[in-house]
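Take a look at the letters that make up each chain.
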Amino acid sequence: MTTDYRLVARRLVPTEAHLLRGCLRAAGIAAVVADDQHVQVNFLLAPALGGTRVLVPEADLEAAREVLAAFERGDFTLPESTDVGPPAE
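Under an unreviewed UniProt entry, the chain has the name DUF2007 domain-containing protein and belongs to Pseudoduganella chitinolytica.

Have a look at this one:
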């Protein structure tokens, strides 16, 4: 059985695509990032490639869109007063 993946987001900066993938995975969605290494090697190619793609299984597409909408609204933003602990060594 194969899983068809669908595009849910594009970002010119690969780090942003990986951040979105992390949010999706935290929500239980098996997201993957594509084209990030091409963009990192030659950032000038990013617009020509369409940026870095975030893909999710077709069955999870609607749920992924809801997670990304929540991210864009700022639902996952921590208040400035949040203590995240000491820096890692």
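A. Helix α4 (residues 61–73), seen in detail. In this model, α4 (13 residues) spans 18 Å end to end at C-alpha, consistent with the 18 Å of a helix rising 1.5 Å per residue. Every buried residue belonging to α4 is among L61, A64, V67, L68 and A70, and all of these are buried. Tucked into the core, α4 has its buried residues touching β1 (5–11), α1 (14–26) and β3 (52–57). Downstream of α4 by one or two residues, G74 has phi in the positive range, about 95 degrees.

B. Inspection of the nonpolar core at higher detail. Counting 15 residues, the largest nonpolar core has V8, L24, V54 and V56 as the members making the most contacts within it. Looking at this core, the elements with two or more residues in it are β1, α1, β3 and α4. If sequence neighbours within four positions are ignored, V8 has contacts with L24, V54, V56, L61, A64, R65 and L68.

C. Geometry of a nonpolar patch on the surface. The grouping of L12, V13 and F43 at the surface amounts to a nonpolar patch, some 260 Å² of accessible area in total. Among the structural elements, F43 can be located in the loop between α2 (36–41) and α3 (46–49). On the basis of relative accessible area, F43 is assigned to the partly exposed category, the value being 48%.

D. The pattern of salt bridges, seen in detail. Tallied over the full model, the rule gives five salt bridges. We note a salt bridge from R53 to D35, for which the minimum N-O separation is 2.8 Å. With R53 in strand β3 and D35 in the loop between β2 (32–34) and α2, the pair connects residues that are 18 residues apart, well separated along the chain. Taking the shortest distance from any N to any O, the salt bridge between D75 and R73 comes out at 2.8 Å.

E. Up close: the UniProt feature "domain: DUF2007" (unreviewed entry) in the chain. Per the UniProt entry, the sites bearing "domain: DUF2007" (unreviewed entry) are residues 14–72 in this numbering. Taken end to end, residues 14–72 is 59% helix and 15% strand, and its two terminal C-alpha atoms sit 17 Å from one another.

F. Summary view of the sheet that holds β2. On the basis of which strands lie adjacent, the open sheet formed by three strands has the order β1-β3-β2 and antiparallel pairing. Two strands in the sheet have a free side with no partner beyond their single neighbour: β1 and β2. Averaged over all pairs of adjacent strands, the angle between their axes in this sheet comes to 35 degrees, without regard to strand direction. Two elements, β1 and β3, share six bridges in a ladder whose sense is antiparallel. Paired with A9 across the bridge in β3 is V54. Sheet contacts for α1: β1, β2 and β3; angle to β3, the most-contacted strand, approximately 15 degrees. Here α4 sits on the sheet and contacts β1 and β3; the angle it forms with β1, its principal contact strand, is near 15 degrees.

How each quantity is defined
- Residues numbered from 1 in each chain as written.
- Predicted model: local features only at pLDDT ≥ 70, side-chain atom pairs only at ≥ 80, totals over all residues.
- Heavy atoms only, no water.
- Helix = DSSP H or I, 4+ residues; strand = E, 2+ residues; numbered from the N terminus.
- Expected span 1.5 Å × (residues − 1).
- Buried < 20%, exposed > 50% of the residue type's maximum accessible area, 1.4 Å probe, protein only.
- Contact = heavy atoms within 4.5 Å.
- Core = buried A, V, L, I, M, F, W, Y, C linked by side-chain atoms within 4.5 Å.
- Patch = residues over 30% accessible without salt bridge, like charges linked within 9 Å, V, L, I, M, F, W, Y side chains within 5 Å.
- Areas by Shrake-Rupley, 256 points an atom, 1.4 Å probe, with all protein chains shown as cover.
- Salt bridge = Lys/Arg side-chain N within 4 Å of Asp/Glu carboxyl O.
- UniProt positions renumbered as here; feature names shortened; annotations may be inferred.
- Pairing = 2+ DSSP bridges.
- Axes fitted to C-alpha atoms, helices over the stretch in contact; angles between N-to-C directions.

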